[in-house]
Amino acid sequence: MDNGASSYRRFRDSGDENGLIEIIRDYKDGLILYLTSIVGDVHAAEDLAEDTFVLLGTKKPKDKGKSSFKTWLYTIGRNIAIDYLRKREKRKELPLDTVQDITDDECDLENAYIREEQKITIHKSLRKLKPEYRQIIWLQYFEQMTMKEAAKILKKSAHGTEVLASRARKALKAQLEKEGIDNEGL
């Protein structure tokens, strides 16, 4: 599978709206959860994911093919989320660190997306980590991206991303130990 690139080309070049519908269907949930790890609010993440798909549908940016379609899409979403956080900071809203705990709606979304009990517990522990740690762990383990793809999305060098991933794993392991979870497999 080409990770949505052919669907996007069909939409962009031929105007086939089914191509965009396929992309939204295939990537919506994962993109929302990834953006939630950045902004800390599932409702804002849903809006940002919608903004990402609207941008694809209206401006039809060209995918240069330097990475997988999913990496390219998540990079666009991440940039939109960063712009959102900058605008929110200017309006003097609550900083990212003080956003309230996950809402019931977010729990429902996570439970639909992450069905196994152990993955839910790990996800809850992830929320207690620094945002950049959450992002790298999410990209690597939940989205199964390579270190190179994650480095592109996070706009870091490969070495910097590896160091960040190592630190994130250590922080997650410590958090899981606090929760009393056996994490030998991590």
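Residues numbered from 1 in each chain as written. Predicted model: local features only at pLDDT ≥ 70, side-chain atom pairs only at ≥ 80, totals over all residues. Heavy atoms only, no water.

(A) Up close: the overall build of the chain. When its secondary structure is counted, the chain shows nine helices and zero strands. In the chain, which comprises 186 residues, the proportion classed as buried is 42%. Pairs at least 24 residues apart make up 64% of the contacts formed inside the chain by residues separated by at least 6 positions. Working note: accessible area of the chain is about 10,900 Å², and carbon and sulfur atoms make up 47% of it. (Helix = DSSP H or I, 4+ residues; strand = E, 2+ residues; numbered from the N terminus. Buried < 20%, exposed > 50% of the residue type's maximum accessible area, 1.4 Å probe, protein only. Contact = heavy atoms within 4.5 Å. Areas by Shrake-Rupley, 256 points an atom, 1.4 Å probe, with all protein chains shown as cover.)

(B) Region of the structure containing helix α9 (residues 158-178). Its 21 residues give α9 an end-to-end C-alpha distance of 30 Å, which sits within 8% of 30 Å, the value for a rise of 1.5 Å per residue. Listing the buried residues of α9 in full gives Thr 161, Leu 164, Ala 165, Ala 168, Leu 172, Gln 175 and Leu 176. End-on view of α9: buried residues confined to an arc of 105°, all on one side of the axis. In this structure, α9 carries His 159, Arg 167 and Lys 170 as exposed residues pointing more than 90 degrees from its buried face. (Expected span 1.5 Å × (residues − 1). Arc of directions from axis to C-beta.)

(C) Structural view of the packing of aromatic side chains. Counted under the stated rule, the structure contains six aromatic pairs. When the ring of Tyr 8 is compared with that of Phe 69, the centres are 5.9 Å apart and the planes differ by 40°; the resulting orientation is tilted. Here Phe 69 lies in helix α4 (residues 69-90) and Tyr 8 lies in helix α1 (residues 5-14), a separation of 61 residues in the sequence. Across the pair, Phe 69 and Tyr 8 agree in class, each one buried. Aromatic rings pair up to connect Tyr 8, Tyr 27, Phe 69 and Trp 72 into one cluster. Sitting over the ring of Phe 11, Lys 60 keeps its end group 4.9 Å from the ring centre. Geometry around Tyr 133 places Lys 130 over its ring, the cationic atom sitting 4.9 Å from the centre. (Phe/Tyr/Trp six-rings, centres within 6.5 Å; stacked < 30°, edge-to-face > 60°. Lys NZ or Arg CZ within 6 Å of the ring centre and 35° of its normal.)

(D) Structural detail: the side chain of Ser 125. By secondary structure assignment, the location of Ser 125 is in helix α6 (residues 117-126). Look at Ser 125 and you get buried, because its relative accessible area is 1%. Once you skip the residues sitting within four places of it in the chain, Ser 125 turns out to touch Leu 172, Gln 175, Leu 176 and Glu 179.

(E) Fine view of the packing of helix α3 (residues 42-58) against α4. Contact pair α3 / α4: the axes reach a minimum separation of 9 Å and the direction vectors enclose 125°. Taken together, α3 and α4 sit at an angle that is classed as oblique. When you trace α3 past α4, the crossing you get is right-handed. For the pair α3 and α4, the contacting residues are Ala 44, Leu 48, Asp 51, Thr 52, Phe 53, Leu 55 and Leu 56 in the first and Trp 72, Leu 73, Ile 76, Gly 77, Ile 80, Ala 81 and Tyr 84 in the second. Counted by class, the contact of α3 with α4 contains eleven nonpolar, two polar and one charged residues. (Axes fitted to C-alpha atoms, helices over the stretch in contact; angles between N-to-C directions. Parallel < 35°, antiparallel > 145°, perpendicular 65-115°, else oblique. Left-handed = near helix turned anticlockwise from the far one by under 90°. Nonpolar A, V, L, I, M, F, W, Y, C, P; charged D, E, K, R; others polar.)

(F) Molecular detail of helix α8 (residues 147-154). Residues of α8 that are buried include every one of Glu 149, Ala 150, Ala 151, Ile 153 and Leu 154, and no others. Where α8 is buried, its residues meet α2 (17-39), α4, α7 (131-142) and α9. Just beyond α8, the residue with positive phi is Lys 155, at close to 55°.

(G) Structural detail: the environment of Gly 19. Residue placement: Gly 19 occurs in helix α2. Once residues within four sequence positions are removed from consideration, Gly 19 is found in contact with Ser 7, Arg 10 and Phe 11.

(H) Representation of a positive patch on the surface in the model. Taken together, Lys 64, Lys 66, Lys 148 and Lys 152 make up a surface patch of like positive charges. With respect to the element layout, Lys 148 can be found in helix α8. A relative accessible area of 63% means that Lys 148 is categorised as exposed. (Patch = residues over 30% accessible without salt bridge, like charges linked within 9 Å, V, L, I, M, F, W, Y side chains within 5 Å. Salt bridge = Lys/Arg side-chain N within 4 Å of Asp/Glu carboxyl O. Lys, Arg positive; Asp, Glu negative; His and termini not counted. Charge placed at Lys NZ, Arg CZ, Asp CG, Glu CD.)

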